Structure formats: C-alpha cells, structure tokens
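Listed here are the chains, written in short residue letters.
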Amino acid sequence: MQAAWGTPSRFRQAGPGHCRIGILALPGWSARPLDPRQAGCRPAGRRDPDDRRELIDIANYYRQDRCGRMVVRIQVCIIGGGPSGLLLAQLLDLQGIETVVLERRSRAHVLGRIRAGVLEWGSVELLRKAGVGDRMDAEGFAHEGIYLAAQNRGFRIDFNALTGHRVMVYGQTEVTRDLYDARDRAGGRVLHGVEGVALHGVDGSDPHVTFTHDGTEKRIDCDFIAGCDGFHGPSRRAIPASVLREFERVYPFGWLGVLSETPPVADELIYANHARGFALCSMRNANLSRYYLQVPADETAGTWSDDAFWDELRRRIPGDAAETLVTGPAIEKSIAPLRSYVAEPMRWGRLLLVGDAAHIVPPTGAKGLNLAFSDVHYLHEALTRYYLGDDAGIEGYSGRALARVWKAERFSWSMTTMLHRFADQGSFGQRIQEAELAYLEGSAAAQTALAENYVGLPF
Ligand code: APR
Ligand code: PHB
C-alpha cells in the first residue's frame, strides 16, 4: 500500500523480499486509519499544552511500508535510559509529546551504578515539576553549606546565608529509580537491551533510528532524536567530524570511591585539600557514607584494602573529623577517571545532544547530573515550543545549553584545580592552593562566588 502523501524514498526500491527491517510493536499501540492530514506534520499555531490528546493525535501516525507492515512514527526518539533520557521522557509526556526510550543495558544494570549525590535546587524543582519529587522530598537531606579544608583544618561555606539557596543530598541512583517508577506509572515506553542503535537522516527532515531488540531489527521514524546516551554512546558520533568541535582536559588522577554502611563523619560534605592528595567526605543517608580519595590515574581499586583506604582518608581530612570517623567494610569500591570535555554544537539538524553525550565535568562540585538536568530543561522547553508551532527553541537549544555548560565546566575545573594535588605543582603550587583557600575563608565575596556556582546558576 502506498501512503497517501507519497511513498517515502527509502521504500521505493524495496519489494517484499527486500524489507529486512522489522516493525516496532509496542504494547498498547494499535494501527489507526491513515489520515493524510496527520502525515508527519506538526500542528500549526498555538495549542493548549494541557491538551495532550490533541497533540498526540496530530503528531503521531501510523503507516504501512511496501511489505504491508505497520511502521511506528514517534515524536521524539530518546537514545539512552540514564537520568537525562528518563527525565526528558517524563517532562515531554507531561506536555503530551510522545517518546520512546532506547536503552542498551538492563534496568538493573542502570540502577546498579553508583554516581554522585548532590542536587542543585534547580534540579530539585525540575524533578518536582516532573512529578518525581515525593521520595526525594521525604528521604533527601537539604544541606545549607559545605566544609572546605586545607592543612587538616576546615571552615564552612554557608550557602543559605550567602545565596538564599540550598542543595539536596539524594543519590543519582535513587533519582533514576524514581524516574523509572514514574515512567512505569505513566505507561512510558522504555526498551531495554537494544543493540546496534544507529542514527539516520539527522540533518534532513526524515530522521530515524534503527536497532535490534529481542532478536529483530527495528526502526523508529521520528521528528527528533534526543541523544541522551552518555559519553560513549553513538549520538555524538552522528555529527560529522567536519562540524563537531571537541574541547578536552584529562586530569592525571582519578577518584577512588568507597560506599560504606557507616554514619557520615560530618553533617555536611567536607572537600579537603592535602599535600598527599584530595579527599571528599560525602553521604547518602544517616547510615550510608560515601568517601573519595584522589589516586594516580593508573591505580586499580583492588589494590586498596579497606584499612588502607580508611588510614589514608584519616591522614587527609581535618584532625577532629579523623578522630570521629566511623569505619566499616566497603560495600562498593571503584575508581573514576577525571575529565573535562565539551562537544559543540549540541544540535545537528534534528539530533539534540543532552548530558554526558555532550559534556563531562570532573566530579569536584557535583555538576555532572545537574548539568544534564539543565540541558533537559532547555530541551523540553524547546520541544514544547516546537509542537506549539515555534521553531526558535530548537534553533537556540545548543547556544542556550552551552552557555550554561561552559560556566559549570569553569567551576568544576576551578574546584578541581584548587583542591587536588598535581604532580608538577611543587611546593609553590601547594602554597598557592593553601592561599586560595585562606582567601576563601576570609572573603565573603569569594565565598559568595563559590556558593552561587555550587548551588547552581539559574536555568
Ligand atoms: N544504545 C542505547 N543506550 C545507550 C547506548 C547505545 N548505543 N550507549 C549508551 N547508552 C545508555 C547507557 O547505557 C546509559 O544508561 O545511555 C545511558 C546514558 O546514561 P548516563 O551515562 O548516566 O548519562 P546521562 O543520562 O546524560 O546522565 C547524566 O551526568 O556526570 C554525569 O554521573 C552523571 O551519569 C550522570 C550524567
Ligand atoms: C557524592 O556524594 O558522590 C559526591 C558528592 C559531591 C561531589 C562528588 C560526589 O562533588
């Protein structure tokens, strides 16, 4: 059967024996009679964003290819079911914009990753807006400051007094679990175990994604592809090398992280500069602590016994904290490399990059997840405007997101530089770091600058 608006070029040569790409059959989706007025068009003019049904009906349609099989068209195909992809799907759903999320790993694998645990207040509000804030509000901990330490003594930066804002200590793993639960409740489509995801036609008007799922090759046609597939995913590589600009700094050290079922050593986070290397005391809840040590880039976690870790941590943090540190078995121990990275542009045609797919920050300052969420905020606004008839948000997405990305890159780099031991810094470099921390301790202006970046610049 030929579609009423003309057979798309990709099917012209294919007889029944040549159609090798299977059709995505998702639960709850059924074929509807084809209405040429609905053919791949978006509604013109402004519409009520609460009028979900209307937007879905107009922007989604079904057609048959020459093999007689139904092909799905979805408004936004999201690659990657990490926090970026899931939050984007959730926010778009609330606007009546239909998505499918394609995730390479199992849900258990995604939820098994231990990542950072500090949310800017903008992220907190975005999660609430997405309808996934209840458990965070019940179980998260609002923190009004952090401690910075050098030479084994610390001082506090009072975010609330300096900026009127706080942060929320709530693990990324929990955020991701809440997002999966919310997608389940909304009947959202998240396909796990997809393989061979490939992006096509992103710089034209016919973007589509092919992949294998449950042993069958499948294809989704869409209006936009959201590349939420992290640093190693395929989305960024779909931007031609002649267009993509990459900016990178790789640090010559990593963070050795330990999770332990022990009470946190302090009521707020401690970031410690020490001549032996940086240390961080963080937490998840009243009986779950997260600690990190700066280690050489080529170190492996297995070479660190629990005792060696605790001994080294005690050496690097302020004396009063070291004395009260409660230790216990590490329930997770891993090393993460540190890197600053930005890819420009974040939009290429109908492909929009989000989160780690476009940028990486070193974890000093906890910006990674928060930056991903500000991208999601900009993109869900842009797509909402698009489906209301206004292209400007999509056109401006990359510039808008990158303006904030670079500020967070600067902050994460400056925190990393101020707090870590660099092999070539010598005693002069160490004294400069100590002077910078002493300046921070005595200057409300310097503290305010740090605080406003830590709690998060406005979206
Ligand atoms: N096909 C499908 N999914 C893929 C593919 C692929 N080829 N490649 C990667 N993915 C999935 C990964 O399995 C992962 O679940 O994309 C997801 C990307 O998730 P994250 O790496 O967590 O990235 P993102 O969602 O942008 O999260 C923001 O900021 O600093 C970080 O730790 C922070 O992970 C957090 C991130
Ligand atoms: C964490 O709790 O894992 C954490 C907190 C703050 C950071 C980085 C990681 O800057």
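Data block above holds the structure.
Computed from a predicted structure; not experimentally measured.

**Looking at the sheet that holds strand β15 (residues 270-273)**
Taken in spatial order, the eight strands make up an open sheet running β8-β7-β15-β16-β17-β14-β18-β21, and their pairing is mixed. Lying at the two open borders of the sheet, with one neighbouring strand each, are β8 (153-158) and β21 (359-360). In this structure, strand β18 (residues 330-344) lies alongside β21, joined through two bridges in antiparallel fashion. Paired with Tyr 341 across the bridge in β21 is Ile 360. Set on the sheet, helix α13 (residues 444-454) makes contact with β7 (145-150), β8 and β15; between it and β8 the angle comes to about 70 degrees.

**Observations concerning the sheet that holds strand β9 (residues 167-169)**
Here we have three strands laid out as an open sheet, ordered β5-β9-β6, and antiparallel in their pairing. Strands with a single pairing partner mark the edges of an open sheet, and in this sheet they are β5 (118-119) and β6 (141-143). Bridging between β6 and β9 involves three bridges; their strand directions are antiparallel. Bridging across to β9, Ala 142 finds its partner in Met 168.

**A closer look at the nonpolar core**
For soluble globular proteins, nonpolar side chains are generally found buried alongside one another. Ranked by size, the top nonpolar core spans 76 residues in total, and within it Leu 87, Leu 102 and Leu 119 carry the most contacts. For this core, the leading source of residues is helix α10 (residues 368-387), giving 10 residues. What Leu 87 contacts, discounting residues up to four positions off in sequence, is Leu 126, Leu 127, Ala 130, Leu 179, Phe 373 and Val 376. If you look at the next biggest cluster of nonpolar residues, it comprises 32 residues, including Ala 150, Val 169, Phe 411 and Val 455.

**Topic: the site of ligand 1**
Taken together, 23 residues lie near ligand 1, and Ser 84, Glu 103, Arg 113, Arg 115 and Asp 356 sit nearest. Ser 84 places a side-chain nitrogen or oxygen 2.7 Å from an oxygen atom of ligand 1. Backbone polar atom of Arg 104 to a nitrogen atom of ligand 1: 3.2 Å apart, as the coordinates give it. Starting from 710 Å² of accessible surface for ligand 1 in isolation, the protein chains cover 89%. Elements with a contribution of two residues or more to the shell around ligand 1: α2 (83-94), β4 (99-103) and α10.

**Overview of the packing of aromatic side chains**
In total, this model carries 14 aromatic pairs according to the counting rule given. When the ring of Tyr 271 is compared with that of Tyr 454, the centres are 6.0 Å apart and the planes differ by 85 degrees; the resulting orientation is edge-to-face. Taken as a pair, Tyr 271 in strand β15 and Tyr 454 in helix α13 lie far apart in primary sequence, 183 residues in all. An angle of 80 degrees between the planes, with centres 5.5 Å apart, marks the rings of Tyr 291 and Trp 310 as edge-to-face. Here Tyr 291, found in strand β17 (residues 288-296), pairs with Trp 310, found in helix α8 (residues 306-316); they are 19 residues apart in sequence, far enough to count as distant. Residues Tyr 291 and Trp 310 agree in their burial class; the two are buried. Put simply, the rings of Phe 159, Trp 255, Tyr 271, Phe 278, Tyr 292, Phe 411 and Tyr 454 pair up and form one aromatic cluster. One Lys or Arg, Arg 350, reaches over the ring of Phe 224 and ends 5.0 Å from the middle of that ring. The ring of Tyr 454 carries Lys 367 above its face, with NZ or CZ at 5.4 Å from the centroid.

Calculation rules
- Residues numbered from 1 in each chain as written.
- Chains lettered and ligands numbered in written order.
- Predicted model: local features only at pLDDT ≥ 70, side-chain atom pairs only at ≥ 80, totals over all residues.
- Heavy atoms only, no water.
- Pairing = 2+ DSSP bridges.
- Helix = DSSP H or I, 4+ residues; strand = E, 2+ residues; numbered from the N terminus.
- Contact = heavy atoms within 4.5 Å.
- Axes fitted to C-alpha atoms, helices over the stretch in contact; angles between N-to-C directions.
- Core = buried A, V, L, I, M, F, W, Y, C linked by side-chain atoms within 4.5 Å.
- Buried < 20%, exposed > 50% of the residue type's maximum accessible area, 1.4 Å probe, protein only.
- Near = heavy atom within 4 Å.
- Polar contact = N/O pair within 3.5 Å; in protein donor to acceptor, adjacent residues only side chain to side chain.
- Areas by Shrake-Rupley, 256 points an atom, 1.4 Å probe, with all protein chains shown as cover.
- Phe/Tyr/Trp six-rings, centres within 6.5 Å; stacked < 30°, edge-to-face > 60°.
- Lys NZ or Arg CZ within 6 Å of the ring centre and 35° of its normal.

Structural measurements only, silent on function.
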